[in-house]
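Spelled out from the first residue to the last, the chains are:
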Amino acid sequence: MKKRQDNIYYEIPASPRIISGETALEVLGEEMRSHGATNVLLITDAVSDKSELADRLRIALTATGLRPGANYVAKRDVASYSAVYELRELYRINVCDGIIACGGEATIGTAKALRMLLSSQEADLDSIAGVDIAKKKMTIPFAAVPSGIDTSSGVTMNAYLKKENGEGREFRAVSGCADICAVDIETGEDVNAVSTIKGAALVLSDSIEAFVSVNARKLTKCMDLFAIRAIRDSLDRALNAPSDRAAYWQLRQAGILSGLACNVAGAGLARALENALAVVCGGSREDYVGIVLPAVLAFNIDACAADYAQALYYLIGDDSYAMTAAEERARKLVDVVKELFERLAKEAALPLKLSEIVDDETKLEAVANVALGDYALMTDPAAVTAKDVADILRSIW
């Protein structure tokens with residue numbers, strides 16, 4: 001078990017101006033203008049680029065005098081070095097003076113890395129990889145428009161990129177945090193059960209990991225507990241009644257708070273494994289969270305049993321919590337999360353074992369190596385060894 005930091009003192013190193021509501025996109029354009037942007041690089045992905053959200057964003061930008069000088073459609077899975085370098089050339093050729101990213105975690109992560117690279121004025125990404133390595137030497141206005149429930153990507157300051165040789169590198173710096181995050185109220189109109197479940201699963205995973213992190217503070221714990229309760233109160237409502245915009249909106253607010261908490265507390269082993277699986281095996285982090293999180297919770301239980309017991313209360317409510325013996329509450333959290341993912345997997349035909357979506361078991365060694373180099377392990381409550389990672393991967397195969 002690692003020593004925890006003083007949970008009273010904290011610093012929030014970076015946070016965007018968060019604009020939420022019906023006029024969020026219009027205000028976004030005005031804010032970017034106030035930051036000096038006139039000719040922006042718009043980064044989307046294959047799904048968001050064709051969405052009503054992207055159409056309304058373009059209209060709102062034009063109405064406020066902003067011109068999308070170039071539009072780049074990124075891959076929807078893991079962000080990559082090659083994409084960032086391609087975007088840098090596009091940014092320069094079109095004489096852009098700002099960046100707006102509209103999409104999911106990988107799309108916004110690509111934009112974060114681009115902003116870090118441009119503002120640092122360094123020649124290559126390796127020179128700014130790591131924690132607090134990228135130093136801001138010039139101002140590049142940057143806005144994020146998250147397209148789903150996992151709005152945390154719009155407020156965090158980290159990005160995870162895949163290199164051409166298959167390695168994964170994390171980038172975490174203040175310059176990676178957007179100046180503005182616009183959360184549009186209309187985005188939830190065309191969502192489906194799969195995207196809702198995957199987004200909520202990421203929020204739950206990040207919230208629990210930040211809550212038990214060795215860097216967790218009282219403020220971040222409050223944010224995480226709100227997010228966990230939002231999953232309990234709103235996920236089934238959002239799935240059973242897609243027109244219930246209040247339920248969907250509650251889940252999006254949970255994502256914002258979870259992301260802000262992660263900026264301070266960090267994540268843990270589940271995030272490291274999800275990143276590594278996406279880099280080595282393909283897909284995105286959300287494809288693996290339902291497989292990984294229950295196993296990691298079981299692994300960490302001895303290091304943070306009291307935190308698990310507290311989180312359980314917010315996940316199951318008064319009556320069920322009261323009926324659970326105190327000494328059983330930590331284990332109950334692990335069981336409840338596992339049962340939740342099993343139920344959701346049936347509803348959306350999602351995998352519960354790696355063998356269902358990974359074609360070759362020999363890839364697990366590479367996954368383990370990538371995970372062991374992830375900075376998220378620094379804030380996991382347990383000391384994680386290579387054997388631990390290998391054992392967990394075998395258990396979920």
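Located above this text is the structure these notes cover.
What you see is a predicted model; the values in this text were computed from it and never measured.

Asks: Quick question: what am I supposed to make of the sheet that holds strand β10 (residues 180-184) here?
Replies: Paired through their backbone hydrogen bonds, the strands of a sheet run either parallel or antiparallel. Taken in spatial order, the 6 strands make up an open sheet running β1-β10-β7-β5-β2-β3, and their pairing is parallel. The sheet is open, and its two borders are formed by β1 (17-21) and β3 (67-74), each paired with just one other strand. Neighbour-to-neighbour, the strand axes of this sheet turn through a mean angle of 20°, independent of strand direction. The sheet contact formed by strand β2 (residues 39-45) and strand β5 (residues 98-103) spans 4 bridges and is parallel. In the strand pairing of β5, isoleucine 43 is matched with alanine 101. Contacts from helix α4 (residues 105-120) reach β2, β5 and β7 (142-146), with the element oriented near 165° to β5.

Asks: I'm lost on unusual backbone geometry in this one. Help?
Replies: Backbone geometry follows two general trends: most residues other than glycine have a negative phi, and most peptide bonds adopt the trans configuration. Positive phi values are uncommon outside glycine, yet valine 95 reaches one of about 50°. Non-glycine residue glutamine 121 carries a positive phi angle of around 60°. Tracing the sequence through the fold places glutamine 121 in the loop between α4 and β6 (130-131).

Asks: Explain the packing of aromatic side chains here, please?
Replies: For any pair of aromatic rings, geometry is given as the distance between the ring centres together with the angle between the planes. Taken as a whole, this structure holds 4 aromatic pairs when the rule is applied. Here the aromatic residues Tyr81, Tyr85 and Phe171 are joined through ring pairs into a cluster of three or more. Taking the ring centre of phenylalanine 211 as reference, the NZ or CZ of lysine 221 above it sits at 4.0 Å. The lysine or arginine in question, arginine 329, covers the ring of tyrosine 321, its NZ or CZ lying 4.0 Å from the ring centre.

Asks: So what exactly am I meant to see when it comes to the nonpolar core here?
Replies: Considering soluble globular proteins, one finds that nonpolar side chains tend to be buried as a cluster. Ranked by internal contacts, the top residues of the largest apolar core, which has 72 residues, are Leu273, Tyr308, Leu354 and Leu393. With sequence-adjacent residues up to four places away left out, tyrosine 308 is seen in contact with Val212, Val296, Leu297, Asn300, Ile301, Ala330, Leu333 and Val334. Residues Val84, Leu118, Leu125 and Phe171 belong to the second largest nonpolar core, which totals 33 residues.

Analysis parameters
- Residues numbered from 1 in each chain as written.
- Predicted model: local features only at pLDDT ≥ 70, side-chain atom pairs only at ≥ 80, totals over all residues.
- Heavy atoms only, no water.
- Pairing = 2+ DSSP bridges.
- Helix = DSSP H or I, 4+ residues; strand = E, 2+ residues; numbered from the N terminus.
- Axes fitted to C-alpha atoms, helices over the stretch in contact; angles between N-to-C directions.
- Contact = heavy atoms within 4.5 Å.
- Phe/Tyr/Trp six-rings, centres within 6.5 Å; stacked < 30°, edge-to-face > 60°.
- Lys NZ or Arg CZ within 6 Å of the ring centre and 35° of its normal.
- Core = buried A, V, L, I, M, F, W, Y, C linked by side-chain atoms within 4.5 Å.
- Buried < 20%, exposed > 50% of the residue type's maximum accessible area, 1.4 Å probe, protein only.

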